[in-house]
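Results of the structural survey
One letter stands for each residue in the lines below.
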Amino acid sequence: MTARLTLTTLDRLPAAVARPAVDPREVGVGGVHLGVGAFHRAHQAVYTEDAMAAAGETTWGIHAVTQRSPRVVEQLAPQDGLYGVLTKGLGGGGAPTASMRVIGALREVSFPGEQTGAVLDRLAAPTTHVVTLTVTEKGYRRAGGRLDLADDDVRADLAALSAELRTGRAEDAAARSAIGMLARGLARRALHDAGPMTVVICDNIVHNGAMLEGLVADFLTAAEAPRAEEVAGWVRTHVAFPSTMVDRIVPATTAEHRAEAQAITGVEDHGLVVAEPFTQWVIEDRFAGPRPAWERAGATLTDDVAPFEDAKLRILNGSHSYLAYRGAVLGHRTIAEAVGDPRLLADVTAFIDDDVIPTLAAPPGLDLSAYRDSVLERFANPATGHTTIQVAMDGSQKLPVRLLGTATDRLGGGAVPHQVARAVASWMVFVDRTADGDLVLDDPLAARLQAAVGGAGAAGGSAGGSSAGGGSVGGGLADRLLDVGEIFPADLADDDAFRAAVREQVADL
Ligand code: CS2
């Protein structure tokens, strides 16, 4: 029976395995994270651990909250919160490399259900100074850029907050949304006047800090209780919401990854995450109170995140989605295989050069063409095994951030964004193929999209996809998906030049 990674077995690991930078036994909780998926464990938690080591601090341990299921708690709690990061790179000559380090920064792990009270108390504790979030684009429960007050989970969290504000007594009903957990925690902090807090959003969303601040304000404004405005005022003056750009490719962990890690460590690690060597974190230098010395762990603090954010979301993430959809339809299982396809490499390079870079202001010291090359080189790393279908998830949430802003800017500059149109068409053809059942559409709008595609199909057979769709057939698919208002803003969907370009590209694909 193979031993499991725990504080006990930690000291027996082979020398090749890097131990936690700070002894987890010495670390106290100073932060909360909402959405403890693989990306958090491979990114912010690593920065936080290294920041503690660099600054000789032990007060930035993380209370990590999973969102959707208790699975991560079941993985980490029996391991004293410990997990490994398996870094998969390419050495000289292209030979794959692998290194293992164990992270000890997660000191508490909880699932909102019966542990909501513990999370809210952590958010309200004077010793907690930062909250980070990675709940994915769809996790913020937005509709039209604002908080979706018709969302059942949001309404349930609002009812819980209203009850606490009315009675002044802790209301620990299970949190049903990340935004609800956050807003309820900040409200409890306000009621106890527990000191300033900085909320650091780490999701791929444009101007993410301001977006989240607006959602919290929407939530508190919607609370039906006498003290709601007092709490909203406290949050406005005591809580900062800096924007950030986060970057590290973190594929889903597979059984092969776990076997590879166990061969290195000699222990079972149910919380293992896998990542590329590259990592970057750019944070707006706007904090309400104390924070980990993240810059001493390699993060960049800046007054203006926007150029970094725009370049990353539009060049890296836009290309990622483009390769994912084209690649999946053409049978490429991984991003590395997709970018290794000369047709797709030519398309994605033209996308970046012709349509994306003209819309960007280069961040200080960054050459955008060199950045393009570095991104495509990272995509070509086969060692991570990052799959096209993983990147293809949640397209309805990702397209506006990664592709449509570029299209709007290009049109505003008087150009027809044919390359962006081809990327959007690639997504449409992918959606069409999922309606056939040979590809999986994992998207919060899946039913809406497949109904639209089915309608397109009814309008004239298989519309797009691998078929040799003619203009009218491809046009049916393009028209019906462009009319999905939750994705395509009216000014873009109604732009005749853009619609024609997308129809043309769907027919061509
Ligand atoms: C990817 C991102 O799955 C996806 O949508 O594009 O997770 C990407 O790997 C990260 O943003 C890289 O920093």
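Residues numbered from 1 in each chain as written. Predicted model: local features only at pLDDT ≥ 70, side-chain atom pairs only at ≥ 80, totals over all residues. Heavy atoms only, no water.

1. Points about the packing of helix 16 (residues 395-412) against helix 17 (residues 418-435)
What describes two packed helices is the angle between their axes and the distance between those same axes. Two elements in contact, helix 16 and helix 17, have axes whose closest approach is 10 Å; the angle formed by their N-to-C orientations is 165°. When the axes of helix 16 and helix 17 are compared, the pair comes out roughly antiparallel. Both helix 16 and helix 17 take part in a crossing whose hand is left-handed. Across from Gly 395, Leu 399, Leu 403, Leu 404, Thr 406 and Ala 407 in helix 16, the residues of helix 17 making contact are Val 420, Ala 423, Val 424 and Trp 427. (Axes fitted to C-alpha atoms, helices over the stretch in contact; angles between N-to-C directions. Helix = DSSP H or I, 4+ residues; strand = E, 2+ residues; numbered from the N terminus. Parallel < 35°, antiparallel > 145°, perpendicular 65-115°, else oblique. Left-handed = near helix turned anticlockwise from the far one by under 90°. Contact = heavy atoms within 4.5 Å.)

2. A look at the pairing of strand 13 (residues 280-284)
Burial analysis of strand 13 places 4 of its 5 residues in the buried class, the great majority of the element. Alignment of strand 13 against strand 14 (residues 300-302), held across 3 bridges, turns out to be parallel. By the bridge assignment for strand 14, Ile 283 is matched with Leu 301. (Buried < 20%, exposed > 50% of the residue type's maximum accessible area, 1.4 Å probe, protein only. Pairing = 2+ DSSP bridges.)

3. Things to note about the pattern of salt bridges
Side chains that differ in charge, positive against negative, can pair when their charged atoms come close. Considering all chains together, one arrives at 35 salt bridges under this definition. The salt bridge partner of Arg 188 is Asp 121, with a shortest N-O separation of 2.9 Å. Of the two residues, Arg 188 is situated in helix 7 (residues 178-191) and Asp 121 in helix 5 (residues 112-124); the sequence distance between them amounts to 67 residues. What makes Arg 188 buried here is its relative accessible area of 2%. Judged by relative accessible area, Asp 121 falls into the partly exposed class, the value being 42%. For Arg 499, the salt bridge identified is with Asp 479, shortest N-O distance 2.9 Å. One end of the pair, Arg 499, is in helix 21 (residues 496-508); the other, Asp 479, is in helix 19 (residues 471-482), and 20 residues separate them in sequence. Within this structure, Asp 121, Glu 164, Asp 172 and Arg 188 form a network of salt bridges that share partners. (Salt bridge = Lys/Arg side-chain N within 4 Å of Asp/Glu carboxyl O.)

4. What about the UniProt feature "domain: Mannitol dehydrogenase C-terminal" (unreviewed entry) in the protein?
Following the UniProt record, one finds the feature "domain: Mannitol dehydrogenase C-terminal" (unreviewed entry) at residues 304-453. Taken end to end, residues 304-453 is 69% helix and 0% strand, and its two terminal C-alpha atoms sit 41 Å from one another. (UniProt positions renumbered as here; feature names shortened; annotations may be inferred.)

5. Examining the side chain of Lys 312
Within the secondary structure, Lys 312 sits in helix 11 (residues 306-329). Lacking a salt bridge, the buried Lys 312 has Asp 247 as its closest oppositely charged neighbour, with an N-O distance of 4.5 Å. Polar contacts involving the side chain of Lys 312 include one to the side chain of Asn 317, which spans 2.9 Å. Once residues lying within four places of it in the same chain are set aside, the contact partners of Lys 312 are Asn 204, Met 245, Val 246, Asp 247, Asn 317 and Tyr 371. (Lys, Arg positive; Asp, Glu negative; His and termini not counted. Polar contact = N/O pair within 3.5 Å; in protein donor to acceptor, adjacent residues only side chain to side chain.)

6. What about the sheet that holds strand 10 (residues 239-240)?
Spatially, the 6 strands line up as an open sheet ordered 5-2-1-6-9-10, and their pairing is parallel. The open sheet is flanked by strand 5 (106-110) and strand 10, the only strands paired with a single partner. Where strand 2 (residues 61-65) lies against strand 5, 4 bridges are found, and the strand directions are parallel. The residue of strand 5 that forms the bridge with His 63 is Glu 108. The sheet contacts of helix 5 involve strand 1 (29-34), strand 2, strand 5, strand 6 (130-133) and strand 9 (197-201), and relative to strand 5 the element is tilted by about 135°.

7. Some remarks on the packing of aromatic side chains
For the structure on display, the rule yields 6 aromatic pairs. Judged by centre distance (6.3 Å) and plane angle (50°), the ring pair of Phe 287 and Trp 294 falls under tilted. A residue is classified by how much of its surface remains accessible, and Trp 294, at 1% relative accessible area, is buried. Residues Tyr 325 and Phe 430 carry aromatic rings whose centres are separated by 5.1 Å and whose planes lie at 50° to one another, so their mutual orientation is tilted. Of this pair, Tyr 325 sits in helix 11 while Phe 430 is found in helix 17, placing the two residues 105 residues apart along the sequence. With relative accessibility at 1%, the residue Phe 430 sits in the buried group. Ring pairing ties together the aromatic residues Tyr 47, Trp 281, Phe 287 and Trp 294, which thus form one cluster. (Phe/Tyr/Trp six-rings, centres within 6.5 Å; stacked < 30°, edge-to-face > 60°.)

8. Here's the deal with the site of the ligand
Every one of the 13 residues lining the ligand counts as a neighbour, but Asp 247, Lys 312, His 320, Lys 398 and Arg 402 are closest to it. Within the side chain of Asp 247, one N or O atom sits 2.6 Å away from an oxygen atom of the ligand. Arg 402 places a side-chain nitrogen or oxygen 2.8 Å from an oxygen atom of the ligand. Burial of the ligand by the surrounding chains reaches 88%, relative to a free accessible area of 340 Å². Of all the secondary-structure elements, those providing two or more residues to the shell around the ligand are strand 11 (244-247), helix 11 and helix 16. Tallying contributions element by element places helix 11 first for the shell around the ligand, with 4 residues. Looking at the shell around the ligand residue by residue, the class counts come to 4 nonpolar, 4 polar and 5 charged. (Near = heavy atom within 4 Å. Areas by Shrake-Rupley, 256 points an atom, 1.4 Å probe, with all protein chains shown as cover. Nonpolar A, V, L, I, M, F, W, Y, C, P; charged D, E, K, R; others polar.)

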